[in-house]
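One letter stands for each residue in the lines below.
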There are 4 protein chains.
Amino acid sequence: MTRVLVTAFEPFGGETVNPSQQAVQRLAADTAPVGVELSTASLPVVFGQAIEAMRAAVAAHDPAVVLCLGEAGGRVAVTPERFAVNLNDAPFPDNAGCRPVDEPVVVDGPVAYASTLPIAEMVEAMRAAGIPAAKSSTAGNYVCNNVFYGLMHLIATERPELIGGFVHVPYMHEQVLHRPDAQPSLSIEQITEAVLIAVKISAAAAGERRHIIAAG
Amino acid sequence: MTRVLVTAFEPFGGETVNPSQQAVQRLAADTAPVGVELSTASLPVVFGQAIEAMRAAVAAHDPAVVLCLGEAGGRVAVTPERFAVNLNDAPFPDNAGCRPVDEPVVVDGPVAYASTLPIAEMVEAMRAAGIPAAKSSTAGNYVCNNVFYGLMHLIATERPELIGGFVHVPYMHEQVLHRPDAQPSLSIEQITEAVLIAVKISAAAAGERRHIIAAG
Amino acid sequence: MTRVLVTAFEPFGGETVNPSQQAVQRLAADTAPVGVELSTASLPVVFGQAIEAMRAAVAAHDPAVVLCLGEAGGRVAVTPERFAVNLNDAPFPDNAGCRPVDEPVVVDGPVAYASTLPIAEMVEAMRAAGIPAAKSSTAGNYVCNNVFYGLMHLIATERPELIGGFVHVPYMHEQVLHRPDAQPSLSIEQITEAVLIAVKISAAAAGERRHIIAAG
Amino acid sequence: MTRVLVTAFEPFGGETVNPSQQAVQRLAADTAPVGVELSTASLPVVFGQAIEAMRAAVAAHDPAVVLCLGEAGGRVAVTPERFAVNLNDAPFPDNAGCRPVDEPVVVDGPVAYASTLPIAEMVEAMRAAGIPAAKSSTAGNYVCNNVFYGLMHLIATERPELIGGFVHVPYMHEQVLHRPDAQPSLSIEQITEAVLIAVKISAAAAGERRHIIAAG
């Protein structure tokens, strides 16, 4: 069994739902993929606290894979992120009212970390399932990137056996049905299926990695 | 039984599929909604010829409702159109290589016609089904508007008992999966469901109208 | 001398300036183009009242040309409008708090009017001056279209000797400098120059028209 | 005197001009800012060769500041870049027909470098001059990022006394006047002024830095 921790975020920015959270609730309610032991956590959209909550979930569940999810309103596709950058720079306040400007996530941390999830493979598999998907080169500088950087820093400094990364999902249809501005969206079923694909591929990658280490 | 004619367009603009055509093929392959006798036609993306093909289909099927469909790449929602305007002004050549600039659809025709389909009700029903939908105030000046104007002119001048209109659909996922630019899309299942909703609501409106006329 | 009335709108939608108003103030402060007697008016962003204010300005100045301007935030170019439609459908309340939904501008008025300004020539001249410009096929369904329709209805029913139309201008740079979302904009100098071009070309067209009528 | 090297790119992607090149030609034709000795270079839009040409220009001119410029079509503002990432992943072929996919710029190089130019100050000064400007967190994965990463790697490994970075500029008006799709643009005068501001602020930063080092 490969233990996979999937985290999502609470609603923010005036929204009443967060598609990442909706997708994770659906995953958790369903049977886990074969060979996967799934645990989930919902993170507050608060700089710093999001990292603490993620670290607590990692400590509690001791996973082999951590897949963090977040909402990227305005995107047309599910977008696995390549890079977490050492920068908090919020265009609007977080759910605790904080708005850091040009601050590091980790003082003296490296400029950026790369995702260690197989994101090219994820994108290919999502597209093969008919779901719009693309690799992204920026996770922004808000709480999503904050927790992504926090995760990769945790892996780099304390848990090198872990693989992890971040996937942004677009708005779900329900969020845009009554907006006066035209915003792209996907169905929550598609978003959930994309996340499930990401879980399976990440778990397989973790399994192979363990095998290589064991054999090495 | 209410006879409903649904028209779609062939692929154009370098695309190999047209979501309007895919949706109509799926509708035609399925059982028609109760009380609806469905006929379909595929129109060429050629100014003028599209109108001729639409008129031929109307003559052949003698419908009570004509619902014309077309692709609006770049839109995020299914968009029933409000207005057909008396203008051909092509940003790029049609499938016959013609590119009319600032020409009327019908010389001395009125500036515009309004759709006679219940588009507000359509949008409401599509949204209730969880499908992004919005009323649109421009069908463009390409072949879609050309056939829409041609239809409304036919109704105004020769077939006042008919109701008709136009619905634009976004790209379907398959069209955008490998595009380097980020383009919004919906699944073909959602597009087809939206069209089915438009058919049902239009048929019901035609039925009520007949009832009122009969009773009047 | 050709009398040209140019109208602009007050700020709306949370903005503190309206580029149409800024451009008209600059035009009014400068020497009028040769052969043009320029008058201006600032209209409230209120359905109906905007039409009343426009009509009062027409009555007061007795122009040969009426050029109405408005802001179209999100557009990348100056866009002379082709069509005014008989529809008020506000995505958000006007400055008086009213939000008409699916109502006609003029009960039993025609579906649409076409601009009688030489908009193709305007676009060509603006582009020749290096200013992004394009013809538009929808002026929306907010107060801009409301006053545009009101103007064309006035011309059609009471002042057939008048020519008139509407030009939308994008945000000016000052409006977007500190927005967190990326919105296109032009400099107020460019917007003003585009409006001046529109004034000159419209005045010339009115002059030719008078000449033709006088000679006819 | 502070020596500042500004690089631009040749046209690419089907364009006949590149606004970065146009701006640099205008800068070079004008008097340099007080205290600045300006040199310029035009780089080929070819992975690897762009870095070689930039390195040759640095060797030839021995600058204290290197400011690399490139075109980012579709952006609404001048965007100083924060991060260069160790990734070549081209959405379309470069001018030599090469299209690297998921390759590092420098094998075993760090994941990313941060710009060492004062980009927050640049953005503030550009905005104060009325020019739309914003910090960007992704320079993409095409030749722009390639040369940006190559520059920061050169600084990190061979020329620690140098400061450097990258600024993306939007389309200039001439590139979009006749495009059928709506693309944002700025005037070449504004783009040139923004680059001049970037040069002055970078030169001042280099001067202060030298002062601090000399005093240290």
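Scroll up a little and you will see the structure.
Residues numbered from 1 in each chain as written. Chains lettered and ligands numbered in written order. Predicted model: local features only at pLDDT ≥ 70, side-chain atom pairs only at ≥ 80, totals over all residues. Heavy atoms only, no water.

Participant: Can you break down the overall build of chain A residue by residue, with the values?
Facilitator: From N to C terminus, chain A includes 6 helices and 7 strands. Seen in sequence order, chain A has helices and strands lined up from the N terminus as β-α-β-α-β-β-β-β-α-α-β-α-α. Relative to its length of 216 residues, chain A is compact, with a C-alpha radius of gyration of 16 Å against a globular reference of 17 Å. Considered along the principal axes of its C-alpha atoms, chain A spans approximately 55 × 40 × 30 Å. In chain A, which comprises 216 residues, the share counted as buried stands at 58%. (Helix = DSSP H or I, 4+ residues; strand = E, 2+ residues; numbered from the N terminus. Rg over C-alpha atoms; globule rule 2.2 N^0.38 Å. Buried < 20%, exposed > 50% of the residue type's maximum accessible area, 1.4 Å probe, protein only.)

Participant: Explain the sheet that holds strand β2 (residues 36-43) of chain B to me, and be specific about the residues and the numbers.
Facilitator: Residues and elements named next belong to chain B. Taken in spatial order, the 5 strands of this open sheet run β2-β1-β3-β7-β4, and their pairing is mixed. The open sheet has two free edges, formed respectively by β2 and β4 (79-80), since each of these has just one partner strand. Note: strand β3 (residues 65-71) against strand β7 (residues 163-169), 7 bridges, orientation parallel. Counterpart to Leu69 in the pairing with β7 is Val167. The strands touched by helix α4 (residues 143-157) within the sheet are β1 (2-9), β2, β3 and β7, with β7 carrying the most contacts at an inclination of about 170°. (Pairing = 2+ DSSP bridges. Contact = heavy atoms within 4.5 Å. Axes fitted to C-alpha atoms, helices over the stretch in contact; angles between N-to-C directions.)

Participant: Describe the interface of chain C and chain D, and please don't skip the residues or the numbers.
Facilitator: Contact with chain C, which involves 15 residues of that partner, is made by 15 residues of chain D. Roughly 1200 Å² is buried in total at the junction of chain C and chain D, and carbon and sulfur atoms are behind 64% of that figure. Where chain C packs against chain D, one counts 0 salt bridges. The interface formed by chain C and chain D contains 4 residue pairs in polar contact (both at pLDDT 80 or more). Within the side of chain C that touches chain D, the residues separate by chemical class into 7 nonpolar, 7 polar and 1 charged. (Buried area = accessible area lost by both parts, 1.4 Å probe. Salt bridge = Lys/Arg side-chain N within 4 Å of Asp/Glu carboxyl O. Polar contact = N/O pair within 3.5 Å; in protein donor to acceptor, adjacent residues only side chain to side chain. Nonpolar A, V, L, I, M, F, W, Y, C, P; charged D, E, K, R; others polar.)

Participant: Give me the sheet that holds strand β1 (residues 2-9) of chain A: which residues, what numbers.
Facilitator: All names here are of chain A. Taken in spatial order, the 5 strands make up an open sheet running β2-β1-β3-β7-β4, and their pairing is mixed. The sheet terminates laterally at β2 (36-43) and β4 (79-80), the two strands that pair on one side only. Of the strands in this sheet, β1, β2, β3 (65-71) and β7 (163-169) touch helix α1 (residues 19-29), which is tilted by about 145° from β1. Helix α2 (residues 49-61) rests against β1, β2 and β3 of the sheet, and its axis sits at about 155° to β2.

Participant: So what's going on with the interface of chain A and chain D? Which residues, and what values?
Facilitator: Contact with chain A, which involves 15 residues of that partner, is made by 15 residues of chain D. Carbon and sulfur atoms supply 57% of the area that chain A and chain D bury against each other, a total of about 1100 Å² over both sides. Of all residues in chain A, Arg82(A), Phe83(A) and Val111(A) bury the most surface against chain D, accounting for 37% of the area lost on that side. Taken together, the connections running from chain A to chain D amount to 10 residue pairs in polar contact (both at pLDDT 80 or more). Listing elements by their share of the side of chain A that touches chain D, those giving two or more residues are β5 (83-85) and β6 (112-114) of chain A.

Participant: Which residues make up the relation of the copies chain C and chain D, and what are the values?
Facilitator: One copy of the chain maps onto the other through a rotation about an axis followed by a shift along the same axis. Rotating chain C by 180° and translating it 0.0 Å along the rotation axis places it on chain D, where the RMSD comes to 0.0 Å. The symmetry that links the two subunits is that of a two-fold axis. Across chain C, the rotation axis passes nearest the C-alpha of Pro184(C), at a separation of 2.9 Å. Comparing interface residues between copies, 100% of those in chain C also lie at the interface in chain D; the contact surface is shared. (Least-squares fit on C-alpha atoms with pLDDT ≥ 70 in both.)

Participant: An account of the packing of helix α2 (residues 49-61) of chain D against helix α4 (residues 143-157) of chain D is needed here, citing residue identities and associated values.
Facilitator: Residue and element names in this part refer to chain D. With their axes 9 Å apart at the nearest point, α2 and α4 run at an angle of 40° to one another. Classified by the interaxial angle, the pair formed by α2 and α4 is oblique. The handedness of the crossing between α2 and α4 comes out as right-handed. Within the contact between the two elements, α2 uses Ala50, Ile51, Met54, Arg55 and Val58 and α4 uses Val143, Asn146, Val147, Gly150, Leu151 and Leu154. (Parallel < 35°, antiparallel > 145°, perpendicular 65-115°, else oblique. Left-handed = near helix turned anticlockwise from the far one by under 90°.)

Participant: Quick one: what's the story with the packing of aromatic side chains, residue by residue and with numbers?
Facilitator: Throughout the structure, instances matching the rule amount to 24 aromatic pairs over all chains. Residues Tyr113(B) and Tyr149(B) carry aromatic rings whose centres are separated by 5.0 Å and whose planes lie at 55° to one another, so their mutual orientation is tilted. Of the two residues, Tyr113(B) sits in strand β6 (residues 112-114) while Tyr149(B) sits in helix α4, which places them 36 residues apart along the sequence. Taking the relative accessible area as the measure of exposure, Tyr113(B) reaches 12% and is therefore buried. Cluster of aromatic residues (ring-pair linked, three or more members): Phe12(A), Phe47(A), Phe92(A) and Tyr142(A). (Phe/Tyr/Trp six-rings, centres within 6.5 Å; stacked < 30°, edge-to-face > 60°.)

Participant: Quick rundown of empty space enclosed by the protein? Include the residues and the values.
Facilitator: Summed over the entire model, instances satisfying the criterion amount to 3 cavities of 30 Å³ or more. Its volume calculated, the largest cavity comes out at about 80 Å³. If you trace the largest cavity, you find 13 residues lining it, with Phe83(B), Val85(B), Ser137(B), Val85(C) and Ser137(C) closest to the centre. Among the secondary structure elements, those contributing two or more residues to the lining of the largest cavity are β5 (83-85) of chain B together with β5 (83-85) of chain C. Tallied by class, residues from the lining of the largest cavity come to 6 nonpolar, 7 polar and no charged. (1 Å grid on protein atoms, 1.4 Å probe; cavity = no way out; pocket = protein on both sides within 12 Å on 5 of 7 lines; lining within 4 Å. Points joined across faces, edges and corners; volume = space filled by probe spheres on them.)

Participant: Mind laying out unusual backbone geometry, listing which residues take part and the relevant values?
Facilitator: Residues other than glycine seldom take positive phi values, yet Asp102(B) does so here, at roughly 50°. With a phi angle near 65°, Asp108(D) is a residue other than glycine that sits in the positive phi range. Its place among the elements puts Asp108(D) in the loop between β5 (83-85) and β6 (112-114). Its relative accessible area of 79% is what places Asp108(D) among the exposed residues.

Participant: Tell me about helix α4 (residues 143-157) of chain C, and name the residues and values.
Facilitator: With 15 residues, α4(C) extends 21 Å from end C-alpha to end C-alpha; this agrees with the ideal 21 Å at 1.5 Å per step. When you tally the buried positions in α4(C), you get 13 out of 15 residues, the bulk of the element. (Expected span 1.5 Å × (residues − 1).)

Participant: Would you mind going over the relation of the copies chain A and chain D in detail, with residue names and values included?
Facilitator: Once chain A has been moved 0.0 Å along the axis and rotated by 180°, it coincides with chain D to within an RMSD of 0.0 Å. Taken together, the interface assignments show that 100% of the residues at the interface of chain A recur at the interface of chain D, consistent with an identical surface on both copies.

Participant: A description of the state of the cysteines should follow, citing residues and the corresponding values.
Facilitator: The final tally for this structure, using the stated rule, is 0 disulfides over all chains. Between Cys68(B), a cysteine without a disulfide, and Cys144(B), which holds the nearest cysteine sulfur, the sulfur-to-sulfur distance is 9.4 Å. (Disulfide = S-S within 2.5 Å.)

Participant: Give me the lowdown on α2(D), citing residues and values where you can.
Facilitator: Residues and elements named next belong to chain D. With 13 residues, α2 should reach 18 Å at 1.5 Å per residue; the first-to-last C-alpha distance of 18 Å fits that figure. When we look at burial in α2, the residues that qualify are Ala50, Ile51, Met54, Ala57 and Val58. Projected down its long axis, α2 shows its buried positions confined to an angular sector of 125°, all on one face. Exposed residues lying more than 90 degrees from the buried face of α2 are Glu52, Ala59 and Ala60. In this structure, the buried side of α2 is in contact with β1 (2-9), β2 (36-43), β3 (65-71) and α4. At the exit of α2 stands Asp62, carrying a positive phi of roughly 45°. (Arc of directions from axis to C-beta.)

Participant: So, the pairing of β2(A): which residues are in play, and what are the values?
Facilitator: Residues and elements named next belong to chain A. Relative to β2, β1 is paired through 8 bridges, and the arrangement is parallel. Residue pairing for β2: Phe9 is matched across the bridge by Leu43. In this view, the connection linking β1 to its parallel neighbour β2 by way of α1 has right-handed handedness. (Right-handed = clockwise from strand over helix to strand, strands pointing away.)

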